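# Notes for the structure review
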Amino acid sequence: MSDWSQKVVLITGASSGIGRALAVELGRRGASLGLLARRAETLHEIAKDVEGARGHALALPADVKDANAVRAAAERLREKFGRIDVMIANAGIVPTTHALELRADDVAEVMEVNVVGAVNSLTAVLPEMVEQGSGQVVAISSLAAYRGLPKSGAYCASKAALSAFFESVRIDLRGTGVGVTIIHPGFIKTPVTEGRAARMPYLMELDDAVNKIIRAIESRKKSYSFPWQLATIVRAGMLMPIPLYDWIAARNSFRE
């Protein structure tokens, strides 16, 4: 999939961070893009950036929590460009909350955006992809999906659910021509990480992270975790005895 000029891509959470950077870079590579997020004015600004980078873009203001709105946005994109080749479920929120301060409504909001929003995005494109016998759905998960981290209960749970959900979908879609790619990034310089006092090991520049994500999509990787140094540490953590993991994790909060 190196020739993006022949591809139509729907990106959720396209108004900032990874989503915005992916949109601009794929636009530079000639892709036709559907930009989905809640902030219409910001989306129109990004669409101009994409057009200036030699791509094509359609702003699609919608809330990923609203299944009907996401479906309508996907229909608009298909009407303009004829089909959808790639869907990148990137929309998400990253709360930092100690267990003693958790509120059920706040946790539900994280699940609605990070998990149900991705499900709404998938179901808006999947039937047509299967019908055309081609396509790729991409979930932007996190290395936080592997084990629980301090002050990250809702976030870790949402990313673990997202990864497991798309893994199940990947198995279901074998033989359909539709691929599934699950991306597990580490720490990336975005508005989400700005201002944190905590140490964030192997913090990556946004452009570097975007290029890695695009290469993983082009290779149709089933799962891709990066940077490799942090991914290796996280995988090692999965094998640790629980008392040892708890002792280490409690002394290394990245959520301050």
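Residues numbered from 1 in each chain as written. Predicted model: local features only at pLDDT ≥ 70, side-chain atom pairs only at ≥ 80, totals over all residues. Heavy atoms only, no water.

## Topic: the packing of aromatic side chains
For the record, the criterion: What counts as a ring pair is set by centres within 6.5 Å for rings of Phe, Tyr and Trp (its six-membered ring), and what kind of pair is set by the plane angle: stacked under 30 degrees, edge-to-face over 60, tilted for all other angles. Lysine and arginine charges are scored as sitting over a ring when NZ or CZ, respectively, is within 6 Å of the ring centre and within 35 degrees of the ring normal.
The final tally for this structure, using the stated rule, is two aromatic pairs. Here Phe165 and Phe166 contribute two aromatic rings whose centre-to-centre distance is 5.4 Å and whose plane-to-plane angle is 80°, an arrangement assigned as edge-to-face. Positioned above the aromatic ring of Tyr245 is the side chain of Arg147, whose terminal nitrogen or guanidinium carbon lies 4.0 Å from the ring centre.

## Quick word on the side chain of Asn114
Applicable threshold: Strands here are runs of E lasting at least two residues and helices are runs of H or I lasting at least four, both read from the DSSP assignment and numbered beginning at the N terminus. In what follows, residue pairs with any heavy atoms lying within 4.5 Å of each other are defined as contacts.
With respect to the helices, strands and loops of the structure, Asn114 is situated in helix 4 (residues 104-132). The contacts of Asn114, once residues within four sequence positions are left out, are Ala91, Gly92, Ile93, Tyr155, Ser158, Lys159 and Leu162.

## So, the sheet that holds strand 3 (residues 56-61)
Convention followed: In this description, strands pair whenever DSSP reports at least two bridges between them. Helix axes are fitted to C-alpha atoms over the stretch in contact, other axes to C-alpha atoms as well, and angles between N-to-C directions run from 0 to 180 degrees.
Taken in spatial order, the seven strands of this open sheet run 3-2-1-4-5-6-7, and their pairing is parallel. Where the open sheet ends on each side, the last strands, each with one partner, are strand 3 and strand 7 (223-226). Looking at each pair of strands side by side, their axes are set apart by 15° on average, direction ignored. Pairing between strand 2 (residues 32-37) and strand 3: six bridges, direction parallel. Of the residues in strand 3, the one forming a bridge with Leu36 is Leu60. Helix 5 (residues 153-172) rests against strand 4 (86-89), strand 5 (135-140) and strand 6 (178-185) of the sheet, and its axis sits at about 160° to strand 6.

## Remarks on the nonpolar core
General note: in soluble globular proteins, nonpolar side chains tend to be found buried as a group. Convention followed: Among buried residues, those of type Ala, Val, Leu, Ile, Met, Phe, Trp, Tyr and Cys that are joined through side-chain atoms within 4.5 Å constitute a nonpolar core. Think of it in three bands: with a 1.4 Å probe and only protein chains considered, a residue is buried below 20% of the maximum accessible area for its type, exposed above 50%, and partly exposed in between.
Val9, Ile11, Leu26, Leu33, Leu35 and Ile88 are the most contacted members of the largest nonpolar core, which has 35 residues in total. With seven residues, helix 6 (residues 206-218) is the single largest residue contributor to this core. Excluding anything up to four places from it in sequence, Ile11 contacts Gly19, Leu22, Ala23, Leu26, Leu33, Gly34, Leu35, Leu36 and Ile88. Listed in part, the 31 residues of the second largest apolar core include Val8, Val64, Leu122 and Val180.

## Remarks on the packing of helix 3 (residues 67-81) against helix 4
The following threshold applies: By definition in this entry, angles of less than 35 degrees are roughly parallel, angles greater than 145 are roughly antiparallel, angles of 65 to 115 are roughly perpendicular, and the rest are oblique. In this scheme the crossing of two helices becomes right-handed for a clockwise turn of the near helix relative to the far one and left-handed for an anticlockwise turn of less than a right angle. Any residue that is not Ala, Val, Leu, Ile, Met, Phe, Trp, Tyr, Cys, Pro, Asp, Glu, Lys or Arg is counted as polar, Gly included; the first ten are nonpolar and the last four charged.
Contact pair helix 3 / helix 4: the axes reach a minimum separation of 8 Å and the direction vectors enclose 40°. When the interaxial angle is binned, helix 3 and helix 4 end up oblique. Here helix 3 and helix 4 pass one another in a crossing that is right-handed. Judged by residue contacts, Ala67, Val70, Arg71, Ala74, Glu75 and Arg78 of helix 3 engage Asn120, Ser121, Thr123, Ala124, Val125, Pro127 and Glu128 from helix 4. Class assignment for the residues of the contact of helix 3 with helix 4 results in six nonpolar, three polar and four charged.

## Things to note about the pattern of salt bridges
So the rule is basically this: Put simply, a salt bridge is a Lys or Arg side-chain nitrogen that is within 4 Å of an Asp or Glu carboxyl oxygen.
With the rule as written, the count across this model stands at 13 salt bridges. Between Asp49 and Arg20 there is a salt bridge whose closest N-O contact spans 3.6 Å. Of this pair, Asp49 sits in helix 2 (residues 40-52) while Arg20 is found in helix 1 (residues 17-28), placing the two residues 29 residues apart along the sequence. With relative accessibility at 37%, the residue Asp49 sits in the partly exposed group. According to the relative accessible area criterion, Arg20 is partly exposed, its value standing at 28%.

## Focus: the packing of helix 4 against helix 5
Two quantities define a packed helix pair, namely the angle between the helix axes and the distance between the axes. Direction vectors running N to C along helix 4 and helix 5 enclose 20°, while the axes themselves pass 9 Å from each other. The pairing of helix 4 with helix 5 is recorded here as roughly parallel in orientation. Considering the relative orientation of helix 4 and helix 5, their crossing is right-handed. Where helix 4 approaches helix 5, its residues Val107, Val110, Met111, Asn114, Val115, Ala118, Val119 and Leu122 are matched on the opposing element by Ala154, Tyr155, Ala157, Ser158, Lys159, Ala161, Leu162, Phe165, Phe166 and Val169. Of the residues that constitute the contact of helix 4 with helix 5, the class distribution is 15 nonpolar, two polar and one charged.

## Here we look at the pairing of strand 6
Defined as follows: Handedness of a crossover is defined as follows: orient the strands so they point away from the viewer, and if the path from the first strand over the helix to the second runs clockwise, the crossover is right-handed.
With eight of its eight residues buried, strand 6 lies for the most part within the structure. Because side chains alternate across strand 6, one face comprises the buried residues Val178, Val180, Ile182 and His184, and the other comprises Gly179, Thr181, Ile183 and Pro185, equally buried. When strand 5 meets strand 6, the two strands line up parallel, connected through six bridges. Bridging from a neighbouring strand, Gly135 pairs with Val178 of strand 6. In this fold, the crossover linking strand 5 to strand 6 by way of helix 5 has right-handed handedness. Where strand 6 and strand 7 come together, four bridges link them in parallel fashion. By the bridge assignment for strand 7, Ile183 is matched with Tyr224.

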